[in-house]
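This is what each chain is made of:
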Amino acid sequence: MINFKKTITVLILIVSLTSFGQNDWKNQKLKANPKTMKNIVYNIVENFGAIKRTGVVKGVNFTYNELGYVLTQENYGQNAQPINQLHIIYDPLNRITSKNLSDKNGKLINRVNYKYNQRNKPTYESIYKADGSLASRMVYTYNKKKGETSKSHKF
């Protein structure tokens, strides 16, 4: 019984260490833990040494959960006009289970679902159209001896 408890403790420690520091805050090199972040690219003009903004070229707004993973990404284009929105859903192990892409009005464009094996490696990536029909599916297989990954598309 004690060996079983030690094994469970070691497994929890390994999972915790592999996921430690791997959130979107770290990937985007943010020093704080913000709830939202806005990244805007402006068109600028220099006139006699003075720099003046003439408009927005593009922009992205990110919303994060309390663990630092992106929940929503809103993309903007010329003059800050909305382009689309990406909503990301996670499972309790902070693995992405679904990404929903919507247009500027919130109408679903497509949905990507992810499935994982017991080793937290992806096994399926399924892309669905707005009407719910399957557009494509990526299947991941792993070579047990070398740890290599191969991908194949299925439609």
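This report concerns the structure included in the present document. From a predicted model like this one, the values you see are computed outputs, not experimental measurements.

What counts, and where the lines are drawn
Position labels on residues start from 1 in each chain and follow its written sequence. Residues qualify for local features only when their pLDDT is at least 70, as the model is predicted, and side-chain atom pairs are given and counted only at 80 or more; totals for whole chains, interfaces and linings, by contrast, use all residues. Side-chain metrics rest on all non-hydrogen atoms present in the structure, leaving aside hydrogens and water. A run of H or I in DSSP becomes a helix once it reaches four residues, and a run of E becomes a strand once it reaches two; helices and strands are each numbered from the N terminus. A 1.4 Å probe rolled over the protein chains alone gives each residue an accessible area, and that area as a share of the maximum for its type sets the label: buried under 20%, exposed over 50%, partly exposed in between. Residues are treated as being in contact if the distance between any of their heavy atoms lies within 4.5 Å. Computed with the Shrake-Rupley method and a 1.4 Å probe, the accessible areas treat only the protein chains shown as cover for residues. For this analysis, a polar contact is any N or O atom pair within 3.5 Å, provided that within protein one partner can donate a hydrogen and the other can accept it, and provided that sequence-adjacent residues contribute only side-chain to side-chain pairs. Only buried residues count toward a nonpolar core. Its members are Ala, Val, Leu, Ile, Met, Phe, Trp, Tyr and Cys residues joined through side-chain atoms within 4.5 Å. Here a strand pair is declared whenever DSSP counts at least two bridges between the two strands. A residue counts toward a patch only above 30% relative accessible area and without a salt bridge, and it is joined to like-charged neighbours within 9 Å or, for Val, Leu, Ile, Met, Phe, Trp and Tyr, to nonpolar neighbours within 5 Å. Each reported salt bridge corresponds to a side-chain nitrogen of Lys or Arg within 4 Å of a carboxyl oxygen of Asp or Glu. Centres within 6.5 Å are what make two rings of Phe, Tyr or Trp a pair, Trp counting through its six-membered ring; a difference in plane orientation under 30 degrees is then read as stacked, over 60 as edge-to-face, and the rest as tilted. Any Lys NZ or Arg CZ that is within 6 Å of a ring centre and within 35 degrees of that ring's normal is treated as a charge sitting over the ring.

Moving on to the overall build of the protein chain. A count of helical and extended segments in the protein chain gives two helices and nine strands. Starting at the N terminus and ending at the C terminus, the protein chain contains elements arranged as α-α-β-β-β-β-β-β-β-β-β. The buried share of the protein chain, taken over its 155 residues, is 21%. Summarising the internal contacts of the protein chain: among those between residues at least 6 apart in sequence, 15% fall at separations of at least 24. Working note: accessible area of the protein chain is about 11900 Å², and carbon and sulfur atoms make up 55% of it.

Looking at where Asn100 falls in the secondary structure, it is placed in strand β5 (residues 96-103). Judged by relative accessible area, Asn100 falls into the buried class, the value being 14%. In this structure the side chain of Asn100 is engaged in a polar contact, spanning 3.4 Å, whose partner is the side chain of Ser98. Side-chain polar atoms of Asn100 contact the side chain of Arg111, separated by 3.4 Å. Beyond its immediate chain neighbours, meaning those up to four positions away, Asn100 contacts Gln85, Leu86, His87, Ile89, Leu108, Asn110 and Arg111.

Let's shift gears to the nonpolar core. If you look at the biggest cluster of nonpolar residues, it comprises nine residues: Trp25, Val60, Phe62, Tyr64, Tyr69, Val70, Leu86, Ile88 and Tyr90. Put simply, the parts of the chain that give this core at least two residues each are β2 (50-64) and β4 (82-90). Not counting chain neighbours up to four residues away, the residues in contact with Tyr64 comprise Asp24, Trp25, Gln28, Leu30, Pro34, Lys35, Thr36, Met37, Tyr69, Val70 and Leu71.

What follows is about unusual backbone geometry. With phi around 55 degrees, Phe48 is a residue other than glycine that occupies positive phi space. Looking at the element boundaries, Phe48 is found in the loop between β1 (36-47) and β2. If you check the backbone angles, Asn94 has positive phi at about 60 degrees while not being a glycine. Position of Asn94 among the secondary structure elements: in the loop between β4 and β5.

What follows deals with the pairing of strand β8 (residues 134-142). One ladder, built from five bridges, connects strand β7 (residues 122-129) with β8; its direction is antiparallel. Bridge pairing in β8 links Glu125 to Met138.

Our focus in this paragraph is the side chain of Asn84. One can find Asn84 in strand β4. What makes Asn84 buried here is its relative accessible area of 18%. Only 2.6 Å separates the side chain of Asn84 from the side chain of Asn75, close enough to count as a polar contact. Not counting chain neighbours up to four residues away, the residues in contact with Asn84 comprise Gln73, Glu74, Asn75, Leu101, Ser102, Asp103 and Lys104.

With that settled, the discussion passes to a nonpolar patch on the surface. Together, Ile40, Tyr42, Ile44 and Ile51 make up an exposed nonpolar region whose accessible area comes to about 380 Å². When residues in the nonpolar patch are grouped by element, the largest group, three residues, is from β1. By the element assignment, Ile40 lies in strand β1. Under the relative-accessibility criterion, Ile40 is labelled partly exposed at 33%.

The next thing to look at is the packing of aromatic side chains. In this structure the tally under the stated criterion is three aromatic pairs. Aromatic pair Trp25 and Tyr64: ring centres 6.2 Å apart, planes at 50 degrees, arrangement tilted. Of the two residues, Trp25 is situated in helix α2 (residues 24-27) and Tyr64 in strand β2; the sequence distance between them amounts to 39 residues. Across this residue pair, the class does not change: Trp25 and Tyr64 are buried. Ring pairing ties together the aromatic residues Trp25, Phe62 and Tyr64, which thus form one cluster. Above the plane of the ring of Tyr42 lies Arg53, whose end atom (NZ or CZ) is 4.1 Å from the centre.

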